[in-house]
Amino acid sequence: MYQEVALLLALLCVSPNVAVSAPIRDGLLPNGNFEIGPKPSQLKGSVIKERTAVPHWDVTGFVEYIKVGQKQNDMVLVVPEGSAAVRLGNEASISQKISVRPGRLYSITFSAARTCAQEERLNISVTHDFGVIPIQTMYGSDGWDSYSWAFKAGGPEIEILIHNPGREEHPACGPLIDTVAIKALFPPRFSGYNLIKNGNFEEGPYVFPKAKWGVLIPPFIEDENSPLPGWMIESLKAVKYVDKAHFFVPEGHRAIELVAGKESAVSQIVRTSAHKFYALTFNVGDARDACEGPMAVEAFAGQGKIMVEYASKGKGGFKPARLVFKAVSARTRVTFLSTFYHMKNDHSGSLCGPVIDDVRLVPVRTLRG
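Every value quoted in this text rests on a predicted model; they were computed, and no experiment measured them.

A.B. asks: Would you explain the pattern of salt bridges in this entry?
C.D. replies: Close approach of charged atoms lets side chains of opposite charge pair. A complete count under the given rule lists 6 salt bridges for this structure. A salt bridge links K262 to E298, with the shortest nitrogen-to-oxygen separation between them at 3.8 Å. Of the two residues, K262 is situated in the loop between β19 (254–257) and β20 (265–271) and E298 in strand β22 (residues 292–301); the sequence distance between them amounts to 36 residues. Between D358 and R360 there is a salt bridge whose closest N-O contact spans 3.0 Å. A cluster of three or more residues bridged by salt bridges with shared partners is formed by K262, E298 and K305.

A.B. asks: Would you explain the state of the cysteines in this entry?
C.D. replies: What is meant by a disulfide is a covalent connection between two cysteines, made through their sulfur atoms. Applying the stated criterion across every chain, the model contains 1 disulfide. Disulfide pairing is shown between C291 and C352; the S-S distance is 2.1 Å. A torsion of 80° about the S-S bond marks the disulfide between C291 and C352 as right-handed. Within this pair, whereas C291 is found in the loop between β21 (277–286) and β22, its partner C352 is found in strand β27 (residues 351–352), the two being separated by 61 residues in sequence.

A.B. asks: What's the story with the nonpolar core in this structure? I'm lost.
C.D. replies: Burial of nonpolar side chains together is a common tendency in soluble globular proteins. Formed by 42 residues in total, the largest nonpolar core has its most connected members in I94, F110, F151, I162, I177, V180 and I182. When residues of this core are traced back to their parent elements, those giving at least two are β5 (63–67), β8 (84–88), β9 (93–99), β10 (105–113), β11 (121–126), β13 (145–152), β14 (157–163) and β15 (176–185). Here this core spans two domains, and each of domain 1 (27–184) and domain 2 (217–363) adds at least three residues to it.

A.B. asks: I would appreciate a short explanation of the packing of aromatic side chains in the present structure.
C.D. replies: Think of a pair of aromatic rings as described by two things: how far the centres are apart, and how the planes are tilted against each other in angle. Per the stated rule, a full pass over the model turns up 11 aromatic pairs. For the ring pair W149 and F151, a centre distance of 5.9 Å and an interplane angle of 25° mean the geometry is stacked. With respect to burial, W149 and F151 carry one shared label: buried. For the pair F248 and F318, a centre-to-centre distance of 6.4 Å together with 25° between the ring planes defines the contact as stacked. Of this pair, F248 sits in the loop between β18 (239–243) and β19 while F318 sits in strand β24 (residues 317–326); the two residues are 70 residues apart in sequence, bridging distant segments of the chain. Judged by its relative accessible area of 21%, F248 falls in the partly exposed class. For F318, a relative accessible area of 39% puts it in the partly exposed group. An aromatic cluster of three or more residues is present, and its members are F201, W231, F282 and F336.

Here is what the cut-offs are and how they apply
Residues numbered from 1 in each chain as written. Predicted model: local features only at pLDDT ≥ 70, side-chain atom pairs only at ≥ 80, totals over all residues. Heavy atoms only, no water. Salt bridge = Lys/Arg side-chain N within 4 Å of Asp/Glu carboxyl O. Helix = DSSP H or I, 4+ residues; strand = E, 2+ residues; numbered from the N terminus. Disulfide = S-S within 2.5 Å. Core = buried A, V, L, I, M, F, W, Y, C linked by side-chain atoms within 4.5 Å. Buried < 20%, exposed > 50% of the residue type's maximum accessible area, 1.4 Å probe, protein only. Domains from an automatic or database assignment. Phe/Tyr/Trp six-rings, centres within 6.5 Å; stacked < 30°, edge-to-face > 60°.

Next up, the structure:
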């Protein structure tokens, strides 16, 4: 019996004396909310003195353990969720090793809050890949945002690392990090009923159950694998992934909010036949997040274009839209962007915008559809 087990482990390239960890499940990483903190003897004030002082995490550099209500001078440091978070000083990082399924696409979601630096950004990486996430623009009105980043697992065990590359005059001047989670993503497929992949946006990054601020998906120029499978973020700014539990969603449980005007766009390249006609349909609405006023979404497909106007009262709602166009090649780029910039009416200065959902593309016989 032992020989059979040893043979199986050998085929898996694992030593029979080493435990085989099961791939991690969707949700928070172990101690991903940092609620289990260092012992008092492992702290000097709020500064973590030992590398493994935070259970399940490895810390490097100037890292602080921040509790709710803690202040820096007269400024209260905002903890996104729960009672604690960590702050990354200059060139500081946190990391954790987890087991995954090789070749599977995963998305990391985490919350971050700016403190005193103005040009804050974060490097996020796994064993074989990395990305840069700018966090100087605040989209939410709560003092923090949740961000997502995707990667393809290159092996059965990876190390997730979040690093602050900043070099501020004050060594502690860095972002607060909280609630780090993971989710396995499944590549969407198109069908004869819809040539758009993931047109209802149901497949996307992990959304925290209590996070009423949504999840930001950074520009594709920052990450090769999209946490919104099938879609690229072709813009300078992020788009927001919203859920039905906290926002108005036209169809299903997820949608996309275009939160930065023409700097916030999503696109997808689809297979088409040259000189054939296609109908692009989608919904435009508002997320019931105090985003009021006249909105407009521009949709492009091949050489076709449509501008869909929507009068938002900030209370949720949508209208359907349709664009029929003639394909000019075997590949057609479908793009959506918001014509205008919008801010919430809660005096927070937070960016918001129109919601798009239920995107469909089907062949039709004529230009009239």
